[in-house]
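Examining the three-dimensional arrangement
Here are the chains, one letter per residue:
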Amino acid sequence: MLHLEHVAKNFGGLPALCEVGFEVKAGQLTALIGPNGAGKTTLINCITGILQPDSGNIRFRGQNLVGLAAHQISHLGIARTFQNLKIFPRLTVLDNVLAGLTVQGGNSLLMAMLRLPYLRHRERRLKLQALDSLDRFQLSAKADWPAGILSYGDRKRLEMARAAVSEPHLLLLDEPVAGLNSEETAAIAEQLRILRSAGHTMLLVEHDMDLVMSIADEVIVLDSGRCIASGTPDEVRRNPLVLEAYLGTMEATA
Ligand SMILES: Nc1ncnc2c1ncn2[C@@H]1O[C@H](COP(=O)(O)OP(=O)(O)OP(=O)(O)O)[C@@H](O)[C@H]1O
Ligand SMILES: [Mg+2]
């Protein structure tokens with residue numbers, strides 16, 4: 001479904017991604033792991049058109065994504081959540097999810113917001129779809145709340161509800177359980193399993209190894225902008241390069 005080849009990105013001459021290549025297969029949950037600063041978010045930003053790679057190919061369902069704008073890429077059926085939450089605190093929980101539907105229609109997030117009053121009144125079907133997504137993430141009771149008063153855990157779920165509402169072909173999740181307690185993490189893990197059994201294809205960036213190893217079909221490991229390993233959770237867990245990448249960081253921070 002998604003195919004990356006030789007993807008490179010530099011920031012001010014410093015390489016953040018170098019020769020990155022891997023595949024995300026349809027219907028699978030692929031995890032992208034690696035120490036802090038490995039380039040995971042940069043890669044998600046390159047896939048979604050927030051950043052343009054300096055070189056390399058990114059193909060999605062046969063189409064080249066390089067050079068396309070973010071709204072064009074979301075229109076093709078790629079949705080994401082953000083590591084640093086991007087919700088609109090003054091809008092209601094429901095409107096935040098509605099914005100996810102209109103972005104899918106080819107609008108920017110700002111355009112989507114401007115169209116909300118129109119949608120609220122005219123597009124009953126979209127509203128039902130948004131409510132359905134909130135229901136899936138146990139947020140329907142809070143649909144009319146301003147999103148700004150939600151707990152952190154609820155906001156993380158709201159981002160997922162917004163990303164999943166359009167039934168995207170590919171869902172990119174940047175650290176969906178970061179900062180959550182074990183109960184909230186278990187709830188998200190269950191949600192990811194449900195999404196996968198419903199046939200969703202996902203690329204999951206996550207530091208929670210228990211979650212990654214219990215849920216991923218395939219794991220890709222980035223270290224200092226390079227892909228150092230890939231395989232099943234068991235293969236990756238036993239790979240000496242991966243152990244070294246993680247131990248190296250532990251030593252550096254010790
Ligand atoms: N906009 C930017 N300008 C300059 N440097 C950047 C920018 N974004 C990221 N970087 C650098 O690129 C490298 C990769 O960062 P990135 O955020 O992609 O890592 P990450 O794997 O997502 O890390 P984390 O696990 O901490 O989220 C880091 O060295 C970071 O400082
Ligand atoms: Mg990151």
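Up top is the structure.
Please read all numbers here as calculations on a predicted model, not as lab measurements.

Counting its secondary structure elements, the chain contains 11 helices and 10 strands. The 254 residues of the chain split such that 48% are buried. Long-range contacts, defined here as pairs at least 24 residues apart, represent 66% of the contacts in the chain between residues at least 6 apart. Per element, the accessible surface of the chain, about 11,800 Å² overall, is 52% carbon and sulfur.

Counting residues in each nonpolar core, the largest one holds 44 residues, and the members touching the most others are Leu-134, Leu-158, Leu-171, Leu-192 and Val-219. For this core, the domains that each give at least three residues are domain 1 (1–77 + 169–238) and domain 2 (89–167). Here Leu-134 is in contact with Val-93, Leu-94, Val-97, Leu-139, Ser-140, Ala-143, Leu-158 and Ala-161, once residues within four sequence places are set aside. In this structure, Val-7, Phe-22, Val-24 and Leu-170 belong to the second largest nonpolar core, which totals 25 residues.

Okay, the sheet that holds strand β9 (residues 218–223) next. Backbone-to-backbone hydrogen bonds join strands into a sheet, with any given pair of strands oriented parallel or antiparallel. Pairing in this open sheet of 6 strands is mixed, and the strands run β6-β7-β8-β3-β9-β10 from one edge to the other. Strand pairing shows two members of the sheet lacking a second neighbour, β6 (78–80) and β10 (226–231), which therefore form its edges. On average, adjacent strands in this sheet sit at an angle of 20 degrees to one another, irrespective of strand direction. Here strand β3 (residues 29–33) runs beside β9; their pairing, made up of 4 bridges, is parallel. Across the sheet, residue Ile-33 finds its bridge partner in β9, namely Val-221. Across the sheet, helix α1 (residues 40–47) lies against β3, β6, β7 (170–174), β8 (201–205) and β9, angled at about 145 degrees from β8, the strand it touches most.

Definitions and cut-offs
- Residues numbered from 1 in each chain as written.
- Chains lettered and ligands numbered in written order.
- Predicted model: local features only at pLDDT ≥ 70, side-chain atom pairs only at ≥ 80, totals over all residues.
- Heavy atoms only, no water.
- Helix = DSSP H or I, 4+ residues; strand = E, 2+ residues; numbered from the N terminus.
- Buried < 20%, exposed > 50% of the residue type's maximum accessible area, 1.4 Å probe, protein only.
- Contact = heavy atoms within 4.5 Å.
- Areas by Shrake-Rupley, 256 points an atom, 1.4 Å probe, with all protein chains shown as cover.
- Core = buried A, V, L, I, M, F, W, Y, C linked by side-chain atoms within 4.5 Å.
- Domains from an automatic or database assignment.
- Pairing = 2+ DSSP bridges.
- Axes fitted to C-alpha atoms, helices over the stretch in contact; angles between N-to-C directions.

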